[in-house]
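Coordinate analysis (summary)
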Amino acid sequence: MELGEVLRDRRKAAGRTIASVAVDAGLSVPYIANLENGRGNPTVAALDRLATALGARLDVRIGDEEPAPPPSAGAELVADSDRVEKVLALIAGTRSRATTRRHLIETLNALETLLGHPPTPTDLNRLLDLLQLA
């Protein structure tokens, strides 16, 4: 994903305008618009101010190895839930619990896109309720 896409997606997910982000970051509206459109060469300082204005953290790396992907919000919710294993035992049927767990995590991760924020334990419990009712 390109920098401009990341910036635009984060801004829109936060329900922010370019102008409001510009004010918080101390940057100009045209400067941010250009970055979102794939133009310009931002400094690390400007990117850090943008990240802060968008409630994110700038992570700059130089190296040969790719960092390990952070655990997804869905994976963390499933790992922290006492209820998941009980429901998986009820609904797995002919599928393995591991496969059903993977599908549950994928569904929770997809919810993050729809909700515009990471799913919560309440979201997980609602999804488990739906699965039990099905």
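Structure first, text after, so check above.
Below is a short write-up of the structure. (Residues numbered from 1 in each chain as written. Predicted model: local features only at pLDDT ≥ 70, side-chain atom pairs only at ≥ 80, totals over all residues. Heavy atoms only, no water.)

Our next topic: the overall build of the protein chain. Helix and strand counts for the protein chain stand at eight helices and zero strands. Across the protein chain, helices and strands are ordered from the amino to the carboxyl terminus as α-α-α-α-α-α-α-α. The C-alpha radius of gyration computed for the protein chain amounts to 19 Å, which surpasses the reference 14 Å derived for 134 residues by more than 25%, pointing to a less compact arrangement than a globule. Reported as C-alpha extents along the three principal axes, the dimensions of the protein chain are approximately 55 × 35 × 20 Å. For the protein chain, the proportion of its 134 residues judged to be buried stands at 26%. (Helix = DSSP H or I, 4+ residues; strand = E, 2+ residues; numbered from the N terminus. Rg over C-alpha atoms; globule rule 2.2 N^0.38 Å. Buried < 20%, exposed > 50% of the residue type's maximum accessible area, 1.4 Å probe, protein only.)

Another aspect to go through is the nonpolar core. Core analysis: the biggest nonpolar cluster contains 12 residues, these being Leu7, Ile18, Val21, Ala22, Ala25, Leu27, Ile32, Leu35, Ala46, Leu50, Ala53 and Leu54. For this core, the elements supplying multiple residues, two or more each, are α2 (18-25), α3 (29-36) and α4 (44-53). The leading source of residues in this core is α2, at four residues. One finds Leu88, Leu108, Leu124 and Leu128 within the second-largest nonpolar core, a separate group that totals 11 residues. (Core = buried A, V, L, I, M, F, W, Y, C linked by side-chain atoms within 4.5 Å.)

With that out of the way, let us pick up helix α1 (residues 3-13). Among all positions in α1, only Gly4, Leu7 and Arg11 are buried. Each buried residue of α1 lies within a common arc of 70° when the element is viewed along its axis, so the set occupies one face. Turned more than 90 degrees away from the buried face of α1, the exposed residues are Lys12 and Ala13. In this structure, the buried residues of α1 make contact with α2, α3 and α4. Where α1 ends, the next residue or the one after it, Gly15, has phi of about 70°, a positive value. (Arc of directions from axis to C-beta. Contact = heavy atoms within 4.5 Å.)

Taken as a whole and assessed by the stated rule, the structure comprises six salt bridges. Of the charged contacts, one joins Glu36 and Arg11 as a salt bridge, the two residues approaching to 2.6 Å between their closest N and O atoms. In this pair, Glu36 is assigned in helix α3 and Arg11 in helix α1, connecting sequence segments 25 residues apart. Each member of the pair, Glu36 as well as Arg11, carries the same accessibility label: buried. (Salt bridge = Lys/Arg side-chain N within 4 Å of Asp/Glu carboxyl O.)

Here the focus is the packing of α2 against α3. Orientation of α2 relative to α3, taken along the N-to-C sense of each, is 115°, at an axis distance of 9 Å. In terms of axis orientation, α2 runs roughly perpendicular to α3. The handedness of the crossing between α2 and α3 is right-handed. Contact with α2, carried on its side by Ile18, Ala19, Val21 and Ala22, involves Val29, Ile32, Ala33 and Glu36 of α3 and no other residues of that element. (Axes fitted to C-alpha atoms, helices over the stretch in contact; angles between N-to-C directions. Parallel < 35°, antiparallel > 145°, perpendicular 65-115°, else oblique. Left-handed = near helix turned anticlockwise from the far one by under 90°.)

Before going further, it helps to examine the packing of helix α6 (residues 84-91) against helix α7 (residues 97-115). Relative to each other, α6 and α7 sit at 115°, their axes nearing to 10 Å. Crossing of α6 over α7 shows right-handed handedness. Between α6 and α7, the contacting residues are Val84, Glu85, Leu88, Ala89 and Ile91 on the first element and Arg97, Thr100, Arg101 and Leu104 on the second. Looking at the contact of α6 with α7 residue by residue, the classes come out as five nonpolar, one polar and three charged. (Nonpolar A, V, L, I, M, F, W, Y, C, P; charged D, E, K, R; others polar.)

Attention now moves to the side chain of Ser81. Along the polypeptide, Ser81 turns up in the loop between α5 (73-80) and α6. Assessed through its relative accessible area of 17%, Ser81 is described here as buried. From its side chain, Ser81 meets the backbone nitrogen of Val84 in a polar contact 3.3 Å long. (Polar contact = N/O pair within 3.5 Å; in protein donor to acceptor, adjacent residues only side chain to side chain.)

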